[in-house]
Each structure stands twice: as C-alpha cells, then as structure tokens.
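# Commentary on secondary and tertiary structure
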Amino acid sequence: MEEDSSQACCGSPPLTKKGNEELIQTDPTPQVPLRNRTPQAQEISKPSDQTEVQPALPTRKISKPPLLVPIDDSSNDYVDTDLLNPSVQQRKVADRDMSLQVPIHQPKRVCSLYSDDELLDEDDPDSPPWQTERIGNLPGSFCLPNSGRLSTSIKEDSSQLSSVIKMGWLDKNPPQGALYYQRRWVKLEFDYLRYFDNEKEVYSKGFISTAFITNVSSVGEVKFEVATNNRTFIFRAENEDERNEWVTELRNCTGGPKRPITLIAGSPLTPDYYGYLELRGLRSKLFTVVASDKVLLYKNADDYRIGVGITFIDMNVGNVKDSDRRSFDLTTPYRIFSFIAESEQSREQWVQAMRNAIGEALSNSEVVEQIWREPSNSFCADCGAPQPDWAAINLCVVICKQCAGEHRGLGPSISKVRSLKMDKKIWTEELIQVFLKLGNERVNSFWAANIPPSEALLPSSCNEDRRRFISNKYRQGKYRKYHALYGNQKELNNALCINVQCSDLLETLSLIFCGADVNCSTGMANCPSPESLASAHSQPLQAELIKHNLNTELPQLQVEADMDLKHYPPPPCVSYEGYLFKTASMGRAVAERKVKEEFSRRWCMLNDGIFNYYEHDKSTNPNGTLKASEIVCLAVDAPEKHGYDFTFELYSESERIYLFGTDDPDSHKEWVKCIAKTFIPTTAEPLLRLNFERIGRLKCKDGLNLQKSKVGWFALAGSTLHVYLENSKGEEIHLRKLNELSIQQDNEVLVLVEKGRTLYIEGERKLDFAGWCGAIQAAAGSGGDTLSQQQLTDTDIPVIVLSCIDYITQCGMTSEGIYRKSGVNSRVAALCDRFRRDARSLRLKEGEHQVDDVSNTLKRFFRELEEGLFTSEYAYSWLTITALQDENKKISDYKALLDRLPRVNKATLQALINHLYCVQRFSELNQMNLHNLAIVFGPTLFQTDGKDYAAGRAIEDLIEHYTVIFEVDEQQLNRQLEEIKAIIQMREKCNTKFPSRPRFEGDGHFICTVYLEELKDTSEQHVKIPGSMTAAELAYEVLDRRNIPVKDKDYWSCWEVCEEIERPLHYQERVLPILHSAGNESHLLIKKQPAMDAMITYLATKVDVSKHGMMKFREERSILGLGLSTGNFHDRFFILNVTSLRMYKDVRSNRAERDWVVKNLKIYLGIKKKLRPPTCWGLTVVYESKKQEKSERQQWYLCCETQSEMREWYATFLSIQNDGNLWPQDGVQQNRVSRVLPDTRHGNVSLIPLRGSENEMRNSVAAFSQDALALLRDVR
C-alpha cells in the first residue's frame, strides 16, 4: 500500500539533520510555516442556540452531487477522533503520576479523530457516517473516549484566545459529496483554520494551514468555500452577514503576498523531528511532526506537505513520560496521548525531541531578543542590572529577576509581571512594539524623574532596599513626573481620549498613572471607551497599553491644593490632497539638481497622520505610504533648486529621503504647512508659524546635564534656530551670534556654544543629521553684505569688526600711521575672504597677520558694506548736519539720527568711534590725531569719493563729541584708556629691558611672575602673558620651559593663591583679567589638581546637577568700620541649583535667608586660620554683583564635615559655573596653541603731516613704507 511505503521510507529518523535532508530530497511541496504573529483585530462570534434538524435520509447509498465532489479522491476530510482508544480509560491516573483525577463518563457520542467522518484507507466508504453504532467499535477506526480527558474543570487557557481572529458555529460539508452538513465550532487564527466538535474542545478535528489557502469565495446564499491546491472545503453560515464576515477575515489572513516557503535543513521552519508514530489502539500510524514548541499530527506525509492536518499540541502544557519498551505518554491537562514507536531507540529519540519542544515552549528567546533591540531595555529599569528577562507589562518596564520578585509582592493590581522567555503567548506583536517604542529610558523619564541619588537602586542592593524602592516608585509613585493636569480628573480623562487617537505612548502612560480613568466615557456611541477609540483610529499600540491597565491600581498621593489645572488642547486634524511631482526615494542626500524628467506625477493624500501617494486620483491602492510618526524632518528647498520651482524633502526614520515638487507656490506652501502639522506635537506648535527652511526632531544635551539626552523639536528660520525641548518653553539660538560651532565625535555631535550655554545636538540618524549640520553651518555664516547678515557678537557687533579692533588695540596703538598706511593687497583680500566665509573661526595671530593688513581689512569691510554703516536712507542727513554752526544743535541732531539707526548699525558705530577715540588719544605715538582719522574714515564709512570734506567732518564731530553723543560713562572710558596705557608701558619696558638683544615679535607681552608648585624664589618663572592667554596655555608654557613631561590624568592647572586660600582657574579662563584684579598678596602658581579625577567621577554619577545639605556658615562683617571681622560659624541648610545658591535656617524652613546668583560667585579652597574654622575642610566664597549703578562685594565662609563632602560641593559649583565642562575630554594638551613665533624685525616708518588737505594726505599715504610692524599677540 502507498501508506506502508511511506512509512518505510520515512520511518522515525534520528535526532540529526539527516532526517531533514531525506525529507527535503523527497518533498516537492513546501512545508507549512510556523508563524508566531498575531492578528491586529479579534472578533468572536457567538454560537447559535438553535439545534440543527437533520433531514430523514434513506438507507440506500447516496449519489454524489457534482458541485460537492472534492478535487481528488485522496482529499478526504479528517474524521473526528479523541486520539485514545477505549483501553485508555482503564489505565489509572496514579500509573501516570498525574495529580488530576480522570472521571469516568457514561458512553455518549464519540468524535473520531479524522475530521468530519473522513475514512482511513482501510475504511469502508459506503458506510453511512451518521449510523448510530459507536465509532469506537467500528473496525479500522480509533477514538478518544471522554474518559481519556482530564477533569472538565480545566478550561482552555484564556491566553490561547489572544491569537484567534474569529470563531463561531458553522455547518461543514463532509467528504465524498454528501448532501448533509455537520455542525462544527470553527476557529480562525493567523496560521490555521481549525474546526472542532464543540466550543469546549481543545484539540481540533482538523486544521488547514492558511499559508496553503489559495482562494476564499462565496457560494450560494450563505455558503463559502475554502480552496487549497489539492482540496476544497465548503462551510455554511447562519446568514449572509455572518458568511461575509468569515470570507473577509479569511481573505485578510490569506490574501497577502505569498512568500516562498522552502524546507531548508537547519532553518527555523525545518521540523526538529518527524516520522510515523502509532497512536495506541489504531491500525494506522499518524505522521507526527515536532516543530519548535508544537507537536502536529497528520494522516500521512502527503497531507503534511499540503498543509492539511488533524490537530496540534502546544507543548507549553505538555509532559512526556516513558511507559514501556516502545511506548510513551504525552500528557496535557486536556488529553493523554499514548504513542508507540518502532523501537526502543526510536522511542528515546521521540521522547527527547518532545522534551526539547517543552523546553522551547517554556523558554523562548525570540521575545527577549526583540525587546532588547531597544538598547535601554537591555538594562533593568529599576536597578540597572544587565540583560533583564522579566517585565511588568502594564507599567511598561523591563526588569531583572530580583526586581521581578519584588514586583510580584506589589500584587497583580499594581504590577503584572511576565517572563520574556516563558510567557510567550502574552507577548503579542502589539505588546512587543509598545515596549520597543517606549523603552526603559523613556519610561523612566516618567517613573524615575525625581529619584534622589541617595535612594537610587543598584544591582547589588539588598532585598530590603529593593522592596522599599520599588514600592516607592510604583505603589506610591514617589519619583514620577507629574502631568500638568494632575488632580483635574475631567481634564485628565479628556486628555486621554484625545491622546489615544495619536501615537504618543509616553503621554498616554503619563496620563494613566497620573489619574486618568481608562474606563471613562468618551461620549461617542460607536467608541464608548478609550480602548475602542484607539482601535477606531488605527492605534493598536495605544489599545494594547490601555488593555493591560483596565484594572490597574494607580499610585496614591495627595493632590496639592494650589495645583494649577490646565486644559489639554486636542491635536489638530489635518487633511489635504492634490497632485505633486515625486522622485524615487533616496538613501543619501540630494546633492545634484533633479531635472523635471526625473519626477513623476502622483496623486497625494494626507489624512489622519498618514501621507499616501497614488498613481492617479482614481487609484485605490497607494504606491507608497508615510506615517506621521515615521517623519523626522521636513526640509524646504530654495526656489529653483531642482527642475520644479518649489520642492521639499521628507526624511523618514528608515533613512530615506522623499523629494516632492510643484510649480505652484501656494500649493507648495500648503503642503509644507499641513505635513509639518501632522508630525510636530502641540507642545511645539509655535514652530509652525515660522517661515522655516527645516523642521524636525533631534536629540540633544545641554551643558548642565550631559548624562541624559532630551528629545527636541527644532526649526531653522533664517539665521535663528528655534528649539522646543521636552518639558520646557521655546527658545531661540541666534546662530550668527554663537561663540563656537563645530562637529565632533566622528560627525555625530554638533556643538553650539553661546554665551552661558553649550548645546550638543546628537546624530540619531545619519541622513537627516547631515542635512541639519549643513543647514545650521550655512545659516551661522555670513549671509550677505549688510551688517545684520554678518556673524555677530552678543552685543550685536560684527565679529570681523571686533576682531580687527581688538587686534589693533593690543598690537597697533603705537604703530605710526595706523589706518593711513596701505597693507599688502593680496593679504588684505585673503583676510576679507576668510572673514566672509567664517569670521568666528578666524583668529588673528601674531606673526601671521600684519597690523596694516588688519587695519586695511577693517576699512575695506566698511567701504564694501551694502547700504553702508549709516544706511542709504540717513547718510545724507548725517552729512548735512556738519554745516550747522551751533554745536549744541549739531550734537542734538547727531543723537537723533543715531537713535534711528538699526540696532546692529548703532552698536557697530559706537564700537568703531570708541576705538578711534582711543587711537587719537595716543596720537603722540601713532601720529593719528582726530583730523587724520577723520580724513581716512570719512570717505570709507560714508562710501563717498572724498572730493569734499563733509564726510570727514562728520566723523571728526563724532570722535570729538564721542562721550556726549553716545552718552558714555567717562569713568569706564578712563579705565579703558588706563588699560591701553598699561599695555603700551609693558611693551616699552620689554623693548628696553634687553637692549643688546635683537627685538623679536615675541617682545611686548604683559610680563608677570609665575611660580611652579611652590612659592619660592627658585621656582619663579617670568612669563609674557597676552590678553588672550588661557590658564591652560600658561600652565603648559611653564611646564615646557622646565621640560616637565605631562602624563595621562596629570591635571596641571594655574592657581590663584592669596595667603591661606587658593583657587584653580578654569582651563579656558583668561589670565590677564586675573592679574588686573588681583591684589599685591596674590600670586599665580602652577601645580596639579589632585582632586580633579575624583570630582569628574563624582559628577559623572550624578543624576541631577543640583546639590543640597548642611554646612557651617560665617559671614564677614566689620566692627565700627575698623576692618575687624566678627561672628561665629552656624549650621545652615544650603540648596545649590543651576541658577542660585540659597541658604535656609534649617531643613524645615520654607523661606531662604539669603539667595546668591551662582555665576557671580568665586569659590576659594581654604579659610584663614585666624577665623578659627570648626573643621579644616572649608571654602571661602566671594560674591561680586554685576550691577552697573553700584558694585557690591561680599565674602563669607563655609565649613564641611569631611574632605569628600567639600570636594562634592566644590565640584558642583565648578560644574554649574562652567556648564559641566570641568576638563576637556581629550586632555588640555590637545587644546594647546603653539606660540612659537617667527623672527621678523620691523623697519622704520616715515612721519606724515598731522594736518593738511585730503590730497596732501593721500599723497603722504602713498609714500609710506611697506615694512610690516611686529605683531605681538593673538587677538580674536
């Protein structure tokens, strides 16, 4: 017989790949895939209460109607059986070591294992399947008596229903074309269509693999047929609606693209073990397959190949036990399957294979590997232990085994703990996606937003600490981040109903655990609950999150009485449609111009956060789809960049660029606005009002917290970067006013340094990040030839102007004929070009740039300035004022015109006139008096031909009356002049100190005495200090002189030492201002910072930049103005945050006694001994206010109990004052600037007349020497 030959061929192969290979060779039909995906929807049909009335049938043989004849005679449906013969009921449970009793039931109708009365090969096809004789007594049949089942109290696990798409009662046509139908309970799952004798059965009468279903179609009024390549099954529903639902769901499961299924040895789809096994009491053997975590039963190998089987057993509820020589039992809570192998050796291999399947079912690594794809999920959300394999599915945290034990102690009403390896069925595709979308890091931004460092949990924490922490975190919600609507139940519920319609899972989690009712009424009849509302808006992940929190007990904390209750704005509903032109999506930046021929016309629709594009407006299936959640950036191209005048680019999370274009500016504008509105959250909605060139999502860190990245929404409009970070108000970054702009760490971090802040923008995706970097760098550069388009300082002065002025102030104030002499034209042009490209990055250095080149660069900048410094609108008015004779009237008119200038023009004019005023004050040295400067700068600033002296006279008036017109503080101006005088004197002193030595360009620095490691004469070093020298440069210059090598983690620093107290200067701090402000008893000392490594380590472990604690405090006061300090040390409670240092009387005090701005504090280590400090670990704090009207200076003292406590306070002070930048990551040596100077002498300069006509002045300038003057220092 054919069946016998199959058995002989296949047999029971050993547990090796050999058996698989043999099956491959003889198996022309692909294997049934064992898919684990779950459907998106779930629908359960209620069984009918009506009993089917069977028609009276004659005893004669029934003919076969043509429509009901199967495709071939071998395509018999399987007959019901219970898989066990009657002898099984006589075996006692005790013999099987079972704890459950097997009740003995009265005989009743028995279901054959072969579904719907299908006959075995030896069965008589003429026997009527409805005869009353028990099937179990028929020859050739085998049956599963009800006694073979375990107690009926064991119900089907509800988790098994999670994969069911639809189930209900159907009438099924039996084989051989019989006219009658049999009532069957049918279940449709994603992988299988199964049918049962009744709804309580666990094991099916038969199943059809959905992968092999080729067609599903309606037949007649209420019937439908399911066709495979080899067989057709006909079902009948109760009504047309029910029939149509079944057809629709079946088509959804089977109508997708069929991926090729091949049986490859070692692949996941390959069965682990297969062959024929005898089920006790049967004459025929069943083809049995062990695959992954299932055991599947087929009539024969051919049926296995075509995907039509009897039943399968999930091994997560199975247990295998040897019975006798060739027998073994597979027991489940529902049935006992007694198998007989061909030999003892084969029996052992089958037992081992099934036990492996049990292990696979109970410990599956597929889920945990998927969950760990989110990097933060690979560490415990509570203690940080690596590779956690448990989760609280309602709290959305992945946790380790130890923390899982404590979570169980909270009870399932608070934490529903599940294993990532063993509870496979609970892990639906939606739940896995929820954990991937959220991740421990994002979830902890809610659950662990306010954990004090002292309460943080570690992997090594004891059980008591773990229990306390987890209870505080989840039962009490002590560390969570409170929602803005906390305490307002109505608004919380409203916000939940709004938010479940979009994809923001973290917001939903925050709303639920801050009090929103997941069972609240939505006010809509068709979507009465938030869960149904989420499903209706195609948000399955939101529905999944809500489903697991339907009965969750929320954290209980009291609502503050004065809590501000806010209204939650609904997200905008955006829809738009029309034709656009689209290129193929790209995986790299659009560098070249796209001509019109590369675009294709597409009908585009934007609706409910989904952007679809179609072949034309009549198409029903989109060519492509982009969800709003997938869009990370929208870039608006410059007009005419591509073949179509107006184009925009969409960047997706999958690193693809979609380029769209149109010739209609209005349509382009509307598309950009609508698309941006779909993916920009309501918290960043003001960005949509901007005329942006680029908008999107980026991750970033600021200088105050470098440990944790924030998600920010950015929009670039002109030269301004608008930013909305998480939980913060919008802010603007003026890119042309940045102090520094650079790309670091292999092009993965964009660093923006502005006054008082550093922002690190991270490259989460290379494609859109590269676009952001290029756009920001271009916007930060000079954008044109007007003043407002230049790179500016924070005082609105162009960087080029301030750099040239500073350089000449330091190096050219004594240069004879400054601004009158011409520089070398090629060098001047090169300087102008470099300033125009990026003025911020250019540093004027001594030895590289000549004074006259710099002065001519400044003049050329003003002469070529578009609109001019005085603007074309008001320039003539400035010139007409020069004719006035009344000086008071003239000054008044000048001041009025000054106020009309734009802000940048006014600030630049004041800076330039201030500089020229200082230059003419030293005319006895540089021979550039008021008149000479006016002759040079008049035509330059007014951009005239110089034929009349009106322009020069206007500049002369501005310089002469500088203090009145610009309302200058004369005291401040005198200090500036004194500083310039001091620089000149130091240069002269240096030039005369060594008369026998040739003068080099290194001469003329500010000379000071610096000590190395100790204050002794033998360690003195006389160093020339320019104004730009930093503390790090000074330290390493001294070390270089003494040939001291610098090792890794040698934190050499420059210290300001004043008697018994000292302060290490920050490595970027300028030294010259310290020298000017220091007293006679202060010195500069170069030595190591022994505590720097410990401070960096401490700051790296801090979650929050702030610090609080008790310290002893003493304020310095004077008795009767005699300068005698008084007072004692008292205990005070201090709180230090990013803005201020506050002092309280004690911990319980609500009002601060004192409050100081942190940026205005200088912290010195040590306290004078005469003050008798209670401990030797003290800090001296000096406070200097920055008020213009009155300077204020205070000094007080703080004492700590231990050295480590003092170090922590000091580290926190430094971190806040320097934006977290205590020490460069690559070491100071990498940031050192070489000061090796070329040996260049300067020549003599001929004198020029101090007075004369313009022609005389021009002729004199032409006769000047071209020799360069010494440039003595770096100037920005």
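Before any of the text, the structure's been laid out above.
Quick summary incoming for the structure in this document. As the structure is a prediction and not an experimental result, all values here were calculated from the model. (Residues numbered from 1 in each chain as written. Predicted model: local features only at pLDDT ≥ 70, side-chain atom pairs only at ≥ 80, totals over all residues. Heavy atoms only, no water.)

## Considerations on the overall build of the chain
Secondary structure assignment for the chain yields 31 helices and 46 strands. A separation of at least 24 residues holds for 64% of the contacts in the chain among residues at least 6 apart in sequence. On the chain, roughly 60,300 Å² of surface is accessible, and the fraction owed to carbon and sulfur atoms is 47%. (Helix = DSSP H or I, 4+ residues; strand = E, 2+ residues; numbered from the N terminus. Contact = heavy atoms within 4.5 Å. Areas by Shrake-Rupley, 256 points an atom, 1.4 Å probe, with all protein chains shown as cover.)

## Focus on helix α5 (residues 344-362)
Relative to the 27 Å expected for 19 residues at 1.5 Å per residue, α5 spans 27 Å between its end C-alpha atoms, a close match to the ideal helical length. Of all the positions in α5, only S346, R347, Q349, W350, V351, A353, M354, A357, I358 and A361 are classed as buried. Structurally, α5 contributes buried residues whose contacts are with β8 (273-279), β9 (285-291), β10 (294-298), β13 (319-322), β14 (327-331) and β15 (336-340). (Expected span 1.5 Å × (residues − 1). Buried < 20%, exposed > 50% of the residue type's maximum accessible area, 1.4 Å probe, protein only.)

## Section: the nonpolar core
A general trend in soluble globular proteins is that nonpolar side chains are found buried together. Core analysis: the largest hydrophobic core is formed by 72 residues, its most contacted members being F870, W878 and L909. It is helix α21 (residues 903-921) that contributes the most residues to this core, 10 residues altogether. Contacts of L909, omitting those with residues within four sequence positions, involve L869, F870, W878, L898, L901, L958 and F966. (Core = buried A, V, L, I, M, F, W, Y, C linked by side-chain atoms within 4.5 Å.)

## Focus: the packing of aromatic side chains
Taken as a whole, this structure holds 45 aromatic pairs when the rule is applied. On the basis of an interplanar angle of 80° and a centroid distance of 4.6 Å, the ring pair of Y273 and W350 is categorised as edge-to-face. Here Y273, found in strand β8, pairs with W350, found in helix α5; they are 77 residues apart in sequence, far enough to count as distant. Take Y273: its relative accessible area is 1%, and that puts it in the buried class. Of the residues examined, W350 reaches a relative accessible area of 0% and is grouped as buried. With centroids separated by 5.3 Å and ring planes inclined at 90°, the aromatic side chains of F611 and F660 adopt a geometry described as edge-to-face. In this pair, F611 is assigned in strand β21 (residues 610-614) and F660 in strand β25 (residues 657-662), connecting sequence segments 49 residues apart. In this pair, the class of F611 matches that of F660, namely buried. Ring pairing ties together the aromatic residues Y192, F207, Y274, Y276, F287, Y298, Y304 and F312, which thus form one cluster. Cation over ring: R236 sits above Y181, and NZ or CZ is 4.2 Å from the ring centre. The lysine or arginine in question, K1087, covers the ring of W1055, its NZ or CZ lying 4.4 Å from the ring centre. (Phe/Tyr/Trp six-rings, centres within 6.5 Å; stacked < 30°, edge-to-face > 60°. Lys NZ or Arg CZ within 6 Å of the ring centre and 35° of its normal.)

## What about helix α10 (residues 489-499)?
By the criterion of burial, α10 is predominantly enclosed, with eight of the 11 residues buried. Within α10 the residues assigned to the buried category are E491, L492, N493, A495, L496, C497, I498 and N499. Looking at the buried residues of α10, the elements they touch are α11 (505-512), α12 (530-536) and α13 (540-547).

## Here we look at the sheet that holds strand β1 (residues 164-172)
Taking strand neighbours across the sheet as the criterion, the eight strands line up as β5-β6-β7-β1-β2-β3-β4-β11 in an open arrangement whose pairing is antiparallel. Edge positions in the open sheet fall to β5 (213-219) and β11 (308-309), since each of these has one partner strand only. Alignment of β5 against strand β6 (residues 223-228), held across six bridges, turns out to be antiparallel. Bridging across to β6, S217 finds its partner in E225. Along the sheet, helix α3 (residues 240-254) contacts β1, β2 (182-189), β3 (192-196), β5 and β6; its crossing angle with β5, the most-contacted strand, is approximately 165°. (Pairing = 2+ DSSP bridges. Axes fitted to C-alpha atoms, helices over the stretch in contact; angles between N-to-C directions.)

## Focus: the pairing of strand β7 (residues 232-236)
Sheet topology note: the β1/β7 ladder contains two bridges and is antiparallel. Across the sheet, the residue bridging to K172 is F235, located in β7. Both β6 and β7 contribute to a ladder of five bridges, which runs antiparallel. Residue pairing across strands places E225 opposite I234, the latter belonging to β7. The turn linking β6 back onto β7 is made up of three residues.

## A word on the sheet that holds strand β17 (residues 397-399)
Taken together, the three strands give an open sheet; going across it, the order is β17-β16-β18, and neighbouring strands pair in antiparallel fashion. Lying at the two open borders of the sheet, with one neighbouring strand each, are β17 and β18 (417-419). Going across the sheet, the axis of each strand differs from the next one's by a mean of 30°, ignoring polarity. Direction of pairing for strand β16 (residues 390-392) relative to β18: antiparallel, over a ladder of three bridges. Looking across to β18, one finds that W390 is bridged to S419. Its contacts with the sheet place helix α7 (residues 401-410) against β16, β17 and β18, and it is angled at close to 120° to β17.

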